[in-house]
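Residue-level structure breakdown
Given next are the chains, with one letter for each unit.
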Amino acid sequence: QHEAAGEEHEATGEEHEAGEEHGEGHHLHKHHIAVIISATEAVEDHGEEHNGHGDTHSEGSSDFKDDPDFTIGFDYERRFTQLWGFGGMIDWIAEGRREFLFGPIGFLHPWAGSKFWVAPLAERVRETGDWALVVRVGAGWDIPIGKSGKYSIAPNINYDISDEHQLWVVGVAIGRGF
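A quick note: this is a predicted structure, and the numbers were derived from the prediction, not measured.

Let's talk about the pattern of salt bridges
Tallying each qualifying case throughout the model produces 7 salt bridges. Linking Arg-136 and Asp-91 is a salt bridge whose minimum nitrogen-to-oxygen distance equals 3.0 Å. Placement of Arg-136 in strand β11 (residues 131-141) and of Asp-91 in strand β8 (residues 84-93) is noted, with a sequence separation of 45 residues between them. Residue classification places Asp-91 among the buried residues on the basis of a relative accessible area of 5%. Two residues, Lys-115 and Asp-142, come together in a salt bridge whose shortest N-O distance is 3.2 Å. Linking Lys-115 in strand β10 (residues 114-125) with Asp-142 in the loop between β11 and β12 (143-145), this pair joins segments that are 27 residues apart in sequence. Classification of Lys-115 as buried rests on a relative accessible area of 6%.

Structure below.
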């Protein structure tokens, strides 16, 4: 019955109701909260200028530092449609340059289980207490836990960009829909 309803919704473009299954055991919930545990890696660019045939371009490689900074965070999402959601997030960083960051986050769910996001975040710098703007882009995959589909585990990857640094943030979220 749920599969037939899901196919009918896809064919007609109608939205799913909260808690209704919408493909491969994934349930659409209007609200979702998650605890995220992550590790960050700074990206160092080793670009070199090359001049050949009158063209100047940069070729570089990225290296990761040896010791990752561990984070714990929380996010909340309110789904407005099957495709779009909006919410907020906060990350606390255990050590390193950054102390914590927070801000709004927009979500895109192109197919069941997948999610992509972009977030303009305020970052507090540990050493100076200054604030900086960080743009986070990321992707994840919600894997339902149990028959109800209320709980999920989601591996995710983010790329943080600011004037001062670029960071990879890799983690796992444990969430609950309601």
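That covers the picture; the talk isn't over yet.
So, the packing of aromatic side chains
Tallied over the full model, the rule gives 6 aromatic pairs. Look at Phe-100 and Trp-131: their rings are 5.6 Å apart centre to centre, the planes differ by 75 degrees, and that puts the pair in the edge-to-face class. Pair noted here: Phe-100 is in strand β9 (residues 98-108) and Trp-131 is in strand β11, with a separation of 31 residues, a long-range link. Under the relative-accessibility criterion, Phe-100 is labelled partly exposed at 23%. Of the residues examined, Trp-131 reaches a relative accessible area of 46% and is grouped as partly exposed.

Rules of the game
- Each chain has its residues counted from 1, running along the sequence as written.
- Reporting of local features is limited, given that this is a predicted model, to residues whose pLDDT is at least 70; pairs of side-chain atoms are given and counted only at 80 or more, and all residues count toward the totals for whole chains, interfaces and linings.
- Based on all heavy atoms of the structure, the side-chain values leave hydrogens and waters out of the count.
- What counts as a salt bridge is simple: a side-chain nitrogen of Lys or Arg found within 4 Å of a carboxyl oxygen of Asp or Glu.
- Put simply, DSSP H or I for four residues or longer makes a helix, DSSP E for two residues or longer makes a strand, and each gets a number counted from the N terminus.
- Accessible area is worked out with a 1.4 Å probe on protein chains only. A residue is then buried under 20% of its type maximum, exposed over 50%, and partly exposed in between.
- For Phe, Tyr and Trp, where Trp contributes only its six-membered ring, two rings pair if their centres lie within 6.5 Å, and the inter-plane angle classes them as stacked under 30 degrees, edge-to-face over 60, or tilted in between.

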